[in-house]
Amino acid sequence: MSVEEGTANHGRLLSTVRGPQDVKRMTAEQLDILAAEIRDFLIAKVSRTGGHIGPNLGVVEITLAMHRVFDSPRDRLLFDTGHQAYVHKIVTGRQDGFDKLRQRGGLSGYPSQAESEHDLIENSHASTALSYADGLAKAYALRGEQRSVVAMVGDGALTGGMCWEALNNIATAGNPLVIVVNDNGRSYSPTIGGLADHLSSLRLNPGYEKVLDTVKDALGSTPLVGRPMYEVLHAVKKGIKDAVAPQAMFEDLGIKYVGPVDGHDITAVESALRAAKNFGGPVIVHAVTRKGYGYRPAEEDEADCLHGPGGAFDVETGQLVAAPSVKWTHVFADELVKIADERPDVVGITAAMAEPTGIATLARKHQHRVYDVGIAEQHAVTSAAGLAMGGLHPVVAVYATFLNRAFDQVLLDVAMHKLPVTFVLDRAGITGPDGPSHYGIWDMSVFGVVPGLRIAAPRDAGSLREELREAVAVDDGPTIVRFPTGTVAADLPAVRRVGAVDVLAESARTDVLLVAVGSFGQLGMEVAARVAEQGYGVTVVDPRWVRPVPAELVELAAGHRLVVSVEDGVRVGGVGAALAQAMRDADVRVPLRDLGVPADWHPHGTRAQILADLGLTAQDVARDVTGWISGLDDQSGETVQADEAAAKN
Ligand SMILES: Cc1ncc(C[n+]2csc(CCOP(=O)(O)OP(=O)(O)O)c2C)c(N)n1
Ligand SMILES: CC(=O)[C@@H](O)[C@H](O)COP(=O)(O)O
Ligand SMILES: [Mg+2]
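Residue positions are given per chain, counted from 1 along the sequence in the order it is written. Chains carry letters and ligands carry numbers; both start at the beginning, A for chains and 1 for ligands, and go up in the order they are written. Predicted model: local features are reported for residues with pLDDT of at least 70 only, side-chain atom pairs are reported and counted for 80 or more only, and whole-chain, interface and lining totals are derived from all residues. Only heavy atoms go into the side-chain values, all of them from the structure, while hydrogens and water stay out.

Under the annotation held in an unreviewed UniProt entry, the chain carries the name 1-deoxy-D-xylulose-5-phosphate synthase and is attributed to Micromonospora coerulea. UniProt positions are given in the numbering used here, feature names are shortened, and annotations may be inferred rather than shown by experiment. As recorded by UniProt, the Subunit (unreviewed entry) comment attached to the chain reads in full: "Homodimer."

Here it is, written out as C-alpha cells:
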C-alpha cells in the first residue's frame, strides 16, 4: 500500500497489522501514519472501556521500534508493571479484543500468556521487569541461546528498589540485555526522587533539544556495532555536562547508556535499540517521552495525564462519563484530614499514589506532613517505622495488593518494635478490571499472623471514620484499616454493640450467627432476610476489628447452632479460619462454615461479576446457609430418632 493510500484510508494501515512482521516491513512514512492510527484507535476504544490511556499513548513509537528491531517472541519483550502494553497487544494481533478490554472474558489490561506467546510478565506490580530480565539473560547465556532480552521500564518504576537490585546484578553479570527507560517524568504525578530530578534536569535543560539532535546524529553516523559508538556518545556527552544526561550514573554501575533519545521519534529509537542490540552487554536506552502524547486532554491533565480512567470517558474532555459517587477513598481522606487537624503527630505516606489513595487531600491541607516515597512500598513501611520511632504516627496509604511486598518490613520493622503505624489499605478484596495481581484478597490472612497487629474492616462510611480514629489511637503496635474499591456502602446502623462487635440484626431464634466481614455487612442483612423466610433466625454481626478475632465473637458463637462467616478475602488463614481456631481453643463446639475467596488467580471482570462467580452474593450465601442449617435439623432429627431407639433398647 502506498503512503497516499495509507493516508487516504485512515486506519487502513492499522488494519493490516496482524503481527510484528507487518510493522517490520513498513517505511518511515508509513510508521508515522501507523502511530497516528494507533493513537486514534486507543482513544476511541479506551474512552469506551476505561483503562491506561495516558501511559499507552506515550509508548507508541517505542513499542513499534522494539518490535521492528527485535524478533518477539524469540526475543523476549518485557513490560514493567504491564499497564503500558496495549500497543504491544495491537502489534501482536489483538486489536480486535479492545472492545472488551479489562472486561470479563475479554482482553486483559496487562500482558497475558494465555492471550499470546508474545507476553511474559503478568504481574501488574511495578519494578519487577529488570529482575525478570536479569534471570532470562542469565538463562539464555547458560543455555547458549542467542536471544535478546528487552525490558521497558518507566521512570516511576525505577524508583522501586528491586530495579536497583536488578541493575546491580545485571551490571555484574554483563549479559546482553537492553533496558528501555521510558522516561515521561511521571508515575501518576511527577515522579519523585533523586533519579527523577536527574532525569527531569535533562528535559528542563536549555540544551536538551541540542542533546537529542547530537545523539541522533551520533547514532546515525557511527557504526552501530561494538564499542566505537559508545566512545562517540561518551565524547558527545562529555561535551555536554553529565548533569544533562544521567549517563554517568548508569555507566558507573557498569551499564552502557545510550541517549537521551526522543521517544516519539521512531527512527531515533530504532537506531538506539539497534546499537544496544549489537553491543553485546547490558545497555540502557534512555527514551524521553510524554505521557498521554498526542491526546490533549491527557497531555494537559495535571493530576496524572489520564493515567488510568476507571471507566468510559468523554473523548473531547477526558472526563469520566459516569456520575461521580462517594468513594471509600473520599471518606478516608476526609476523616484523615480531620484527624490530622487534631493530631499534629499524624503524618501521611504514599507510594507514588497520592491522589488514588486520598493522601493528596491531606497534602493539600498539611503539605509538610505528607511523604511521597515513589513506588517503594518496602521503604515506605520501614521509613514509617523510623517516623514512629521519631515520635510520629504515620498513616501509610497503599492499595492492599501492594502491601504484600512489604510483609517483612511490617512484621519485623514495625510490629516487632511495637510501633504505632496505621496502614490504610484501599482496594482491599476483589477489585475487578485489573485482574489477579491487583486483587487485595491476601491482607487479612497474610498480616493476620503478625503479632500485635490489629486489622479493622469497616462496613460503611461511619464505621470507616470510627475505626480509622480507633486505629490512630493505638500507640503500642501497628493497625490496618482495609476497605474495597468503589462507592462506599450506605451506613448500616448496629442494633447494639457487644464489646467491639456490632450486632446488625438478631431474632428470637438463634439458629445462625452470620459474621459479615467489612463491606459484606449489607450482604449479611440480605442473607438474614432470605433465611428468615425459611423460618430460621439469623444474628448478623460485624466484628469491626477482625484480626485478632474478638473474644465476643466466640461468646456469641456459643449461643447459636451454626456459625457462618463471609469475607472479601482468601479463606485460607482468613477471618473465618481464625474464628474456627478461636472456637476450638475455647472448646465451643458449634459448627462453623467459612465463606470467602479461594486462594487462586481469579480473572479480571467487574467486582460484582467476580464476587458472583465466587458465590459471594446474598442469594448464594442464603442458599448455602439454609442448606447447612436445615441439614443440622435433619441430623438432629436423626439424632432424636437414634436417641429414641437407644432409649427403647
Ligand atoms: C508495587 C506497585 N505499586 C504501585 C503500583 C501502581 N502503579 C501502577 S502504574 C504506576 C506508575 C508507573 O509509573 P511509570 O513506571 O513511570 O510508568 P508510566 O505510567 O509513566 O508509563 C503506579 C504507581 C503498582 N502497579 N505496583
Ligand atoms: C497499573 C496500576 O497499578 C494502577 O494504575 C491501577 O490500575 C489503578 O487501579 P484503580 O483504577 O483501582 O485506581
Ligand atoms: Mg513514568
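Here we come to the pairing of strand β5 (residues 282-288). Within a regular strand, the side chains alternate between the two sheet faces. Buried residues are those whose accessible area, probed at 1.4 Å on protein chains only, stays under 20% of the maximum for their type, while exposed residues exceed 50% and partly exposed ones sit between those limits. In this text, helices come from DSSP runs of H or I with a minimum length of four residues, and strands from runs of E with a minimum of two, each type numbered from the N-terminal end. Burial analysis of β5 places seven of its seven residues in the buried class, the great majority of the element. Alternating positions in β5 separate into two faces, Pro 282, Ile 284, His 286 and Val 288 on one and Val 283, Val 285 and Ala 287 on the other, with burial throughout. The sheet contact formed by strand β3 (residues 177-183) and β5 spans seven bridges and is parallel. Note on β5: the bridge partner recorded for Asn 182 is Ala 287. For two strands to be treated as a pair, DSSP must find no fewer than two bridges joining them. Examined bridge by bridge, strand β4 (residues 256-262) and β5 share five bridges and lie parallel to one another.

Core analysis: the biggest nonpolar cluster contains 58 residues, and Leu 34, Ile 38, Leu 42, Leu 64 and Leu 273 have the highest contact counts within it. If one sorts the elements of this core by residue count, helix α4 (residues 28-49) sits on top with nine residues. Residue contacts are defined here by distance: any two heavy atoms, one from each residue, within 4.5 Å place the two residues in contact. When residues no more than four places from it in sequence are discounted, the contact partners of Leu 34 are Leu 13, Leu 14, Val 17, Val 23, Met 26 and Leu 64. Throughout, nonpolar core names a set of buried Ala, Val, Leu, Ile, Met, Phe, Trp, Tyr and Cys residues whose side chains join them through atoms within 4.5 Å.

So, on to the pattern of salt bridges. Salt bridge, as applied in this entry: a Lys or Arg side-chain nitrogen positioned within 4 Å of an Asp or Glu carboxyl oxygen. A full pass over the atoms with the stated rule returns 46 salt bridges. Between Arg 623 and Asp 620 there is a salt bridge, and its shortest N-O distance comes to 3.0 Å. Highlighted residues: Arg 623 and Asp 620, both in helix α28 (residues 618-648), separated by three residues, approximately one helical turn. A cluster of three or more residues bridged by salt bridges with shared partners is formed by Arg 459, Asp 460, Glu 466, Glu 467, Glu 470, Arg 497, Asp 502, Asp 542 and Arg 544.

Take the coordination of the magnesium ion (ligand 3) next. Looking at the metal site, the magnesium ion (ligand 3) is ligated by Asp 155 (OD), Asn 184 (OD1) and Arg 186 (O), spaced 1.9 to 2.2 Å from it. Here a donor is an N, O or S atom found within 2.8 Å of the metal, or within 3.2 Å if the metal is Na, K or Ca; sites may look incomplete because water is not among the atoms. All donor residues of the magnesium ion (ligand 3) come from one chain, and their arrangement in sequence is D-x28-N-x1-R. Remark: Asn 184 occurs in the loop between β3 and α10 (194-204) and Asp 155 occurs in the loop between β2 (149-154) and α9 (161-173); sequence separation between them is 29 residues. Assessed through its relative accessible area of 3%, Asp 155 is described here as buried.

Proximity is defined per residue: any heavy atom of the residue falling within 4 Å of a molecule or strand makes that residue near it. Surveying the vicinity of ligand 2 reveals the residues His 52, His 83, Tyr 110, Tyr 188, His 307, Tyr 399, Phe 402, Arg 427, Asp 434 and His 438. Tyr 399 places a side-chain nitrogen or oxygen 2.6 Å from an oxygen atom of ligand 2. Between ligand 2 and the protein, one listed contact pairs an oxygen atom with a side-chain N or O atom of His 438 at 2.7 Å. Every accessible area reported is derived by Shrake-Rupley at a probe size of 1.4 Å, with residue values counting cover from the shown protein chains alone. Taken by itself ligand 2 offers 360 Å² of open surface, and the protein chains cover 86% of this. Taken together, the residues of the shell around ligand 2 sort by class into four nonpolar, four polar and two charged. As used in this structure description, the phrase polar contact means that two N or O atoms lie within 3.5 Å; if the pair is within protein, one of them must be able to donate a hydrogen and the other to accept it, and residues adjacent in sequence are counted only when both atoms belong to side chains. Asp, Glu, Lys and Arg are counted as charged, while Ala, Val, Leu, Ile, Met, Phe, Trp, Tyr, Cys and Pro are counted as nonpolar; the rest, among them Gly, fall into the polar class.

Fitting a line to C-alpha atoms yields each axis, with helices limited to the stretch in contact; the angle taken between N-to-C directions then spans 0 to 180 degrees. Close contact between helix α19 (residues 377-389) and helix α21 (residues 407-415) brings their axes to 9 Å; oriented N to C, the two are set at 10 degrees. Judged by the inter-axis angle, α19 sits roughly parallel to α21. In this structure, α19 uses Gln 378, Val 381, Thr 382 and Ala 385 to contact α21, whose residues at the interface are Gln 409, Val 410, Asp 413 and Val 414. The class makeup of the residues in the contact of α19 with α21 is four nonpolar, three polar and one charged. Each angle receives one of four descriptions, namely roughly parallel if under 35 degrees, roughly antiparallel if over 145, roughly perpendicular if within 65 to 115, and oblique otherwise.

Among the six residues that make up strand β18 (residues 592-597), five are buried, leaving the element largely enclosed by the rest of the structure. Relative to β18, strand β17 (residues 562-570) runs parallel, the two sharing five bridges. Pairing of Val 563 across the sheet is with Leu 592, part of β18. Each parallel crossover has a hand, and the one from β17 via helix α26 (residues 575-585) to β18 is right-handed. With strands facing away from the observer, any crossover in which the path from the first strand over the helix to the second runs clockwise is taken as right-handed.

Turning next to the site of ligand 1. Around ligand 1 lies a shell of 22 residues, among which His 83, Gly 156, Asn 184, Lys 291 and Glu 377 are the nearest. One nitrogen or oxygen atom from the main chain of Ser 124 is found 2.9 Å from a nitrogen atom belonging to ligand 1. Arg 186 places a polar main-chain atom, nitrogen or oxygen, 2.8 Å from an oxygen atom of ligand 1. Protein coverage of the free-state accessible area of ligand 1, which is 580 Å², stands at 98%. Partitioning the shell around ligand 1 into residue classes produces seven nonpolar, 10 polar and five charged.

Let us look at the sheet that holds strand β8 (residues 393-399). Pairing is mixed across the open sheet formed by seven strands, whose spatial order is β7-β6-β8-β9-β11-β10-β16. Each having just a single partner strand, β7 (370-372) and β16 (545-547) make up the two edges of the open sheet. The mean angle between the axes of side-by-side strands here comes to 25 degrees, regardless of whether they run parallel or antiparallel. When strand β10 (residues 454-456) meets strand β11 (residues 479-482), the two strands line up parallel, connected through three bridges. For Ala 456, the partnering residue across the bridge sits in β11 and is Val 481.

Aromatic ring pairs: the centre-centre distance and the angle between the two ring planes describe each pair. Aromatic rings from Phe, Tyr and Trp, taking only the six-membered ring of Trp, are treated as a pair when their centres fall within 6.5 Å; an angle between ring planes under 30 degrees marks them as stacked, one over 60 as edge-to-face, and anything in between as tilted. Applying the stated criterion across every chain, the model contains 10 aromatic pairs. Plain terms: the ring middles of Phe 332 and Phe 483 are 6.3 Å apart, the flat faces sit at 40 degrees to each other, and that makes the pair tilted. Here Phe 332 is found in helix α16 (residues 328-342), whereas its partner Phe 483 is found in the loop between β11 and β12 (496-498), with 151 residues between them in sequence. Aromatic side chains Trp 442 and Trp 601 sit 5.9 Å apart centroid to centroid with 50 degrees between the ring planes, which places their arrangement in the tilted category. Taken as a pair, Trp 442 in the loop between β9 (422-426) and α22 (443-446) and Trp 601 in the loop between β18 and α27 (607-613) lie far apart in primary sequence, 159 residues in all. Accessibility expressed as a relative area gives 19% for Trp 442, which makes it buried. What makes Trp 601 exposed here is its relative accessible area of 65%. Chaining the aromatic ring pairs together yields one cluster made of Phe 41, Tyr 86 and Phe 98. Note on geometry: a ring has a charge over it if NZ (lysine) or CZ (arginine) is within 6 Å of the ring centre and within 35 degrees of the ring normal. Note that Arg 454 overlies the ring of Trp 545, its terminal NZ or CZ placed 4.3 Å from the centroid.

Turning to the environment of Val 46, a few remarks are in order. You can see Val 46 is positioned in helix α4. Residue classification places Val 46 among the buried positions, given a relative accessible area of 0%. Through-space distance from the C-alpha of Val 46 to that of Asp 443 is 31 Å; in sequence the pair is 397 residues apart.

Let us now look at the sheet that holds β2. Read across the sheet, five strands follow the order β1-β2-β3-β5-β4 without closing on themselves; strand pairing throughout is parallel. Here the strands that pair on one side only, and so sit at the sheet edges, are β1 (76-79) and β4. Direction aside, the axes of adjacent strands within the sheet are offset by 20 degrees on average. Taken together, the four bridges between β1 and β2 define a ladder with parallel strand orientation.

It is worth spelling out α26 at this point. For α26, the complete set of buried residues consists of Val 575, Gly 576, Ala 578, Leu 579, Ala 580 and Met 583. Along its buried surface, α26 packs onto α22, β14 (512-516), β16, α25 (551-558), β17 and β18. Just downstream of α26, Asp 587 is the residue with a positive phi angle, here 60 degrees.

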